[in-house]
Amino acid sequence: MESYYTAKIIGIARHRLEIDGDGVTTLVAFHGCPLLCRYCLNPQSFGNGAGFKEYTPESLYQEVRIDELYFLATRGGITFGGGEPAMRIGFIQRFRKICGDEWGINIETSLNVPTENVSSLLPIVDTLIIDIKDMNPEIYCDYTGQDNSRVLDNLRLIADSGRQGDCIIRIPLIPDFNTEADREASRAALEQLGFTRFDLFTYQIRKH
C-alpha cells in the first residue's frame, strides 16, 4: 500500500546528459497519472502497478546516490517524471531534505494537478519541464480525456511566482489532433504569460 512517503517507480534511467535538466541527471519515473493521452509514451504508468518496486525517499536516495559526483560536477541531479510526479509532493519534499540543496531536482509534469501541489513543489524544484499538450481546451480534452483548467491555473500560479524562466514548455505537434497553427497559438498564449523556453517537436506515431 502506497503512503504519502512511498511510491511505485516504473523506471530509473541514469547518465542522461542535458535531456531533462542541466548536467547529468537520473530520471525517476513514478507510477500513476491523471491523464489518458491517446499516444501515451509510458502506458505502464496505469493499472495497479503490480511488478514495480515500491520506494521510500530514503531507499531511492541510497540507489541513486552512486552518481552524486556526476551531479555535483555538472550541476545535475534527479528528474522526477512518470506518470505524474506532481502527485507525489510528500515524497519529493522528503527526498529534497535527504539529498540536500546541492543536487538539482526537476520535474516533468503535465500540471494537471491541484494548485496546492504545484505551490508546495515550487520552493524545492529547480526546473519544471511542462508537457502542455495544447492550450486549446477542446484539443486538450480530445487528446487527454481531461479538461485543462488546472493546467491554466497552475501556469498562472507559476507566472505570478516569477518562475517562468525555470520552465521548459514542451509543445508537441500531435498527428490527428492539432496543427502547426494550433501549436503557434499555444506558444503565443504562453508568451503572454511570460514563458520563453519552448521545446517544439512532433510525436512520431507508429500506426499499425
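What counts as what
- Residues numbered from 1 in each chain as written.
- Predicted model: local features only at pLDDT ≥ 70, side-chain atom pairs only at ≥ 80, totals over all residues.
- Heavy atoms only, no water.
- Pairing = 2+ DSSP bridges.
- Helix = DSSP H or I, 4+ residues; strand = E, 2+ residues; numbered from the N terminus.
- Axes fitted to C-alpha atoms, helices over the stretch in contact; angles between N-to-C directions.
- Contact = heavy atoms within 4.5 Å.
- Salt bridge = Lys/Arg side-chain N within 4 Å of Asp/Glu carboxyl O.
- Buried < 20%, exposed > 50% of the residue type's maximum accessible area, 1.4 Å probe, protein only.

Draft legend 1. Layout of the sheet that holds strand β5 (residues 104–109). Taken in spatial order, the 8 strands make up an open sheet running β3-β1-β2-β4-β5-β6-β7-β8, and their pairing is mixed. The open sheet has two edge strands, β3 (53–55) and β8 (198–202), and neither has a second partner. Pairs of neighbouring strands in the sheet enclose a mean axial angle of 30°, with direction left out of account. Of the pairings in the sheet, the one linking strand β7 (residues 167–173) to β8 comprises 5 bridges and is parallel in character. Each bridged residue has a counterpart across the sheet, and for isoleucine 171 the counterpart in β8 is leucine 200. The strands touched by helix α1 (residues 57–64) are β1 (7–17), β2 (24–30), β3 and β4 (77–81); relative to β3, the strand with the most contacts, the crossing angle is about 105°. Here helix α7 (residues 180–192) sits on the sheet and contacts β7 and β8; the angle it forms with β7, its principal contact strand, is near 160°.

Draft legend 2. Here's a closer look at the pattern of salt bridges. Inspection of the entire model under this criterion finds 14 salt bridges. One salt bridge in this structure joins arginine 16 and aspartate 20, with 2.7 Å as the shortest N-O distance. In this structure, arginine 163 engages aspartate 166 in a salt bridge whose closest nitrogen and oxygen atoms are separated by 2.5 Å. For arginine 163, a relative accessible area of 16% translates into the label buried. The partly exposed category is assigned to aspartate 166, whose relative accessible area is 28%. The structure contains a network of salt bridges with shared partners spanning Glu108, Arg170 and Asp199.

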